[in-house]
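# Working through the structure, step by step
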Amino acid sequence: MLEHVSLYIIDLIQSYGYVGVFILMTLESALIPIPSEITMPFAGFLVYRGIMSFELVVFIGAGANVVGSLIAYYIGYFFPEEVLLKWIRTYGKFLLIKEGDYKKSRAWFEKWGNGVAFFSRLLPGVRTFVSLPAGIFKINIWKFIIYTFVGSLIWSIILTYIGFYL
């Protein structure tokens, strides 16, 4: 399955360039399990080939993460937690979201506060789900945007560089 997803990601980026990167990174941060670990390194490879710009790929990746994260944030903000947990229990398996992942993200917010929005952007797996509890806790939206952008910028730089270098 991962091979099919990888081929789809590569094809989308080859066909649509920066727009493809934006779509994939937005979906990844909006709770859709599209691995940025494939998207950004492949875009980095295209940077190496001279087809794309390193800076533009990185900023589009980080900006798209903010857009997708805001979608997940507002889902958490407007829907009661009980409704979200019921939805995760019923449909989460289709999007690779487990109740345990959600509860882990929630516990991190309770323990560490708003900074989780930054540090979680550097952790595979968790980075996709952290925006939902951020919305539930109604953390300051501007801090959330800044933390998300800076953390996603670092993540995008690392992954794009890996694709460029390899």
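Every value quoted in this text rests on a predicted model; they were computed, and no experiment measured them.

## Some remarks on a nonpolar patch on the surface
A contiguous nonpolar patch, built from Phe45, Tyr48, Ile146, Val150, Ile154, Ile158, Tyr161, Ile162, Phe164, Tyr165 and Leu166 and spanning about 1,100 Å² of accessible area, is present on the exposed surface. Contributions of two or more residues to the nonpolar patch are made by α3 (36–48) and α10 (141–165). For the nonpolar patch, the element with the highest residue contribution is α10, accounting for eight residues.

## Here we look at the pattern of salt bridges
According to the stated counting rule, one finds one salt bridge in the structure shown. For glutamate 99, the salt bridge goes to arginine 89, with nearest N and O atoms at 3.0 Å. Taken as a pair, glutamate 99 in helix α6 (residues 99–112) and arginine 89 in helix α5 (residues 81–91) lie far apart in primary sequence, 10 residues in all.

## Section: the environment of isoleucine 154
Mapped onto the secondary structure, isoleucine 154 falls in helix α10. The spacing of isoleucine 154 and valine 58 is 96 residues in sequence and 8.7 Å in space, taken between C-alpha atoms. Leave out the neighbours within four places in its chain, and isoleucine 154 touches Phe118 and Leu122.

## Some points on unusual backbone geometry
Despite not being glycine, leucine 31 has its phi angle at roughly 75°, a positive value. Within the secondary structure, leucine 31 sits in the loop between α2 (18–29) and α3. With a relative accessible area of 7%, leucine 31 lands in the buried category. Positive phi values are uncommon outside glycine, yet lysine 138 reaches one of about 55°.

## A look at the side chain of serine 131
Looking at the secondary structure, you find serine 131 in helix α9 (residues 131–136). In this structure serine 131 comes out as buried when scored by relative accessible area, which is 0%. Residues contacting serine 131, with those up to four places away along its chain left out, are Ser69, Ala72, Tyr73, Arg121 and Phe144.

Reading guide: rules and limits
- Residues numbered from 1 in each chain as written.
- Predicted model: local features only at pLDDT ≥ 70, side-chain atom pairs only at ≥ 80, totals over all residues.
- Heavy atoms only, no water.
- Patch = residues over 30% accessible without salt bridge, like charges linked within 9 Å, V, L, I, M, F, W, Y side chains within 5 Å.
- Areas by Shrake-Rupley, 256 points an atom, 1.4 Å probe, with all protein chains shown as cover.
- Salt bridge = Lys/Arg side-chain N within 4 Å of Asp/Glu carboxyl O.
- Helix = DSSP H or I, 4+ residues; strand = E, 2+ residues; numbered from the N terminus.
- Contact = heavy atoms within 4.5 Å.
- Buried < 20%, exposed > 50% of the residue type's maximum accessible area, 1.4 Å probe, protein only.

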